[in-house]
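Each chain, written out:
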Amino acid sequence: MADLPKGWHLSDTDAIRIEDIECLSDHWYHLYRVTFDLRRQNGEWQRQQREAYERGNGAGILLYNRNARTVILTRQFRLPSFVNGNETGMLIEVPAGLLDDRDPAFAVIAEVEEETGYQIGKPQKLFDLFMSPGSVTERLHLFMAEVKSEHQKGVGGGLVEEGEDIHVLETPFEDALAMVADGRICDAKTVILLQHAQLVRLFDT
């Protein structure tokens, strides 16, 4: 079997045989072309090639203020959305970021402070999801945490050296749901977390 890239973990299965892994690009993240044999349902083996984009795993979090009935969101420019029909390139999202080899909860606490200025304790873990499994290896760990206004210790905005220029939005929960319904919020992780909050009646407990 071919040597695995850093961070890749394969389960012990007799249905997949990895034959070759070629790195096509390593400029920012890594793009690999993988050649493998797949045993089909009828028992026959089929040689296939697929490309997989490796950018590491990430974490995102829904911050909510129960007393104010608001959620803390961000708005920032996202190039891939800009080149695929998002007129301004700006997306409204929950705070999120890459793990960079950190524990998911630890990473999301740090991202919250960088992006929003809020300082939080241990968040509640909700989901561990593949967001685009047809081509991207990333697993996204999703959390939520309650905040109060006094938890905001800074202005947030992200890291200038990483090109971040993040707007912090404290948004009424009902307004956020309306923004999902009319398409103003179209980021998958954000929709998932807001709809989860609606399903569990987060602000009714």
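Everything here concerns the structure above.
Throughout, a residue's number is its position along its own chain's written sequence, starting from 1. Note on the predicted model: pLDDT of at least 70 is required for a residue's local features to be given, and 80 or more for side-chain atom pairs to be given and counted; whole-chain, interface and lining totals, by contrast, use all residues. The basis for every side-chain value is the complete set of heavy atoms in the structure, and neither hydrogens nor water enter the calculation.

**Student:** Whenever I open this one, the overall build of the protein chain confuses me. Can you help?
**Tutor:** Broken down by element type, the protein chain carries four helices and 10 strands. Element order for the protein chain, N to C, with α for helix and β for strand: β-β-β-β-β-α-β-β-α-β-β-β-α-α. Dimensions of the protein chain, computed from the C-alpha atoms along their principal axes, are close to 60 × 40 × 35 Å. The buried share among the 205 residues of the protein chain stands at 40%. What sets the accessible areas is the Shrake-Rupley method with a 1.4 Å probe; for residues, cover comes only from the shown protein chains. For the protein chain, the exposed surface amounts to about 12,200 Å²; the carbon and sulfur share of it is 49%. Asp and Glu are treated as the negative residues and Lys and Arg as the positive ones, with His and the ends of the chain left uncounted. Lysine's charge is taken at NZ, arginine's at CZ, aspartate's at CG and glutamate's at CD. Of the side chains in the protein chain, 21 bear a positive and 34 a negative charge, and the two mean positions are spaced by 5 Å. Helix and strand labels come from DSSP, where a helix needs a run of H or I of at least four residues and a strand needs a run of E of at least two; each type is numbered from the N terminus. Relative accessibility under 20% of the residue-type maximum defines a buried residue, over 50% an exposed one, and the middle range a partly exposed one, all with a 1.4 Å probe and only protein chains included.

**Student:** I keep staring at helix α2 (residues 104–116) and nothing clicks. Help me out?
**Tutor:** An α-helical turn contains 3.6 residues, so any two residues separated by three or four positions project in the same direction. Taking 1.5 Å of rise per residue, 13 residues should cover 18 Å, and α2 covers 18 Å from first to last C-alpha, within 8% of that figure. Residues of α2 that are buried make contact with β4 (58–65), β5 (70–77), β7 (96–98), β9 (139–146) and β10 (167–172). For α2, the N-terminal capping position is held by Asp-103, with its side-chain oxygen 3.0 Å away from the main-chain nitrogen of Ala-105. Looking one or two residues beyond α2, the residue adopting positive phi is Gly-117, at roughly 85°. Multiplying 1.5 Å by the residue count of a helix minus one yields the expected span of that helix. Contacts are residue-level and defined by heavy atoms, with any inter-residue pair within 4.5 Å sufficient. Any pair of N or O atoms that falls within 3.5 Å is considered a polar contact. Within protein, one atom must be able to donate a hydrogen and the other to accept it, and sequence-neighbouring residues count only if both atoms are side-chain atoms.

**Student:** Whenever I open this one, the pattern of salt bridges confuses me. Can you help?
**Tutor:** When the charged atoms of two side chains with opposite charge come close together, those side chains can pair. By definition, a salt bridge exists where a carboxyl oxygen of Asp or Glu is found within 4 Å of a side-chain nitrogen of Lys or Arg. Evaluated as defined, the whole model comprises 14 salt bridges. When the shortest N-O distance is used, the salt bridge between Arg-33 and Glu-22 registers 2.7 Å. Remark: Glu-22 occurs in strand β1 (residues 16–25) and Arg-33 occurs in strand β2 (residues 30–39); sequence separation between them is 11 residues. When its relative accessible area of 27% is taken as the criterion, Arg-33 is described as partly exposed. You can call Glu-22 partly exposed: its relative accessible area is 34%. Among the ionic pairs, Arg-201 bridges to Asp-204, the shortest N-O distance being 3.3 Å. Three or more residues joined by partner-sharing salt bridges are found here, namely Arg-78, Glu-93, Asp-187 and Lys-189.

**Student:** Help me understand the pairing of β5, please; the structure alone is not making it clear to me.
**Tutor:** Strand residues, when the strand is regular, have side chains that alternate between the two faces of the sheet. The element β5 is extensively covered by neighbouring structure, given that six of its eight residues are classed as buried. A pair of strands counts as paired when DSSP detects no fewer than two bridges linking them. Connecting the antiparallel pair β4 and β5 is a turn made up of four residues, with Arg-69 showing a positive phi of about 55°. One ladder, built from six bridges, connects β5 with β10; its direction is antiparallel. Bridge assignment links Thr-74 to a residue of β10, and that residue is Val-168. Pairing analysis gives four bridges linking β5 to strand β6 (residues 90–93), with the strands arranged antiparallel. If you follow Phe-77 over to β6, its bridge partner there is Met-90.

**Student:** I would appreciate a short explanation of the packing of helix α3 (residues 173–182) against helix α4 (residues 188–199) in the present structure.
**Tutor:** Two measures define how a pair of helices packs: the angle their axes make with one another and the distance between the axes. Contact geometry for α3 and α4: axes closest at 10 Å, N-to-C directions at 125°. The angle between the axes of α3 and α4 places the two elements in the oblique class. In this structure, the crossing between α3 and α4 has a hand that is left-handed. Where α3 approaches α4, its residues Phe-173, Ala-176, Leu-177 and Val-180 are matched on the opposing element by Val-191, Leu-194, Gln-195, Ala-197 and Gln-198. Nonpolar residues are Ala, Val, Leu, Ile, Met, Phe, Trp, Tyr, Cys and Pro. Charged residues are Asp, Glu, Lys and Arg, and all others, Gly as well, are polar. Within the contact of α3 with α4, the residues separate by chemical class into seven nonpolar, two polar and no charged. For helices, the axis comes from a line fit to the C-alpha atoms of the stretch in contact; other axes are also lines fit to C-alpha atoms, and the angle between any two N-to-C directions lies between 0 and 180 degrees. The cut-offs work like this: below 35 degrees is roughly parallel, past 145 is roughly antiparallel, 65 to 115 is roughly perpendicular, and the gaps in between are oblique. Note on convention: near helix rotated counterclockwise from far helix by under a right angle means a left-handed crossing. Clockwise means right-handed.

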